[in-house]
Amino acid sequence: MKSQIARPFLKELIKQGSTYRVFGAAWTGASSIAKVEVSTDGGKSFAAAKLLGERTPYTWRRWEFSWNVPTKPGSYTLLARATDANGNSQPMDRDRDREAYMINTVL
């Protein structure tokens, strides 16, 4: 299982105090994506994203999230976390035993 943020881009400058559409896609194998959550504070908290399209196995599922960008200037770390229909969620920590294979941690 994996989720990916397409926008904003890495290091993208976003107007403070605005509402920004964060979006991306999530994938899982034989199951289907049941939910995607987005963190705007580096993983301290997560909020539900809106899933787009149909639940289909072996298919990327698009999602979007409306982010109320803080008025305070600074750097913010956004993360996306997917959960499949079986209740499995992306891990927060990488399994080092798998080396470069199957890096599916929350990014």
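Our subject in this report is the structure included herewith. Quick caveat, the model's predicted, so the values are computed rather than measured. (Residues numbered from 1 in each chain as written. Predicted model: local features only at pLDDT ≥ 70, side-chain atom pairs only at ≥ 80, totals over all residues. Heavy atoms only, no water.)

Some details on the packing of aromatic side chains
Counted by the stated rule, this structure contains one aromatic pair. The ring of F23 carries R21 above its face, with NZ or CZ at 4.4 Å from the centroid. The ring of F46 has R81 lying over it, and the distance from NZ or CZ to the ring centre is 3.8 Å. (Phe/Tyr/Trp six-rings, centres within 6.5 Å; stacked < 30°, edge-to-face > 60°. Lys NZ or Arg CZ within 6 Å of the ring centre and 35° of its normal.)

Points about the environment of K15
Tracing the backbone through its elements, the reader meets K15 in the loop between strand 1 (2-7) and strand 2 (19-27). Once the C-alpha coordinates of K15 and T71 are considered, the two residues, 56 residues apart in sequence, prove to be 8.5 Å apart. (Helix = DSSP H or I, 4+ residues; strand = E, 2+ residues; numbered from the N terminus.)

Here we look at the pairing of strand 2
Across five bridges, the pairing between strand 1 and strand 2 is antiparallel. Bridging across to strand 2, I5 finds its partner in G24. Bridge count for strand 2 against strand 6 (residues 61-68) is eight bridges, and the pairing is antiparallel. Within the sheet, the bridge partner assigned to A25 lies in strand 6 and is R62. (Pairing = 2+ DSSP bridges.)

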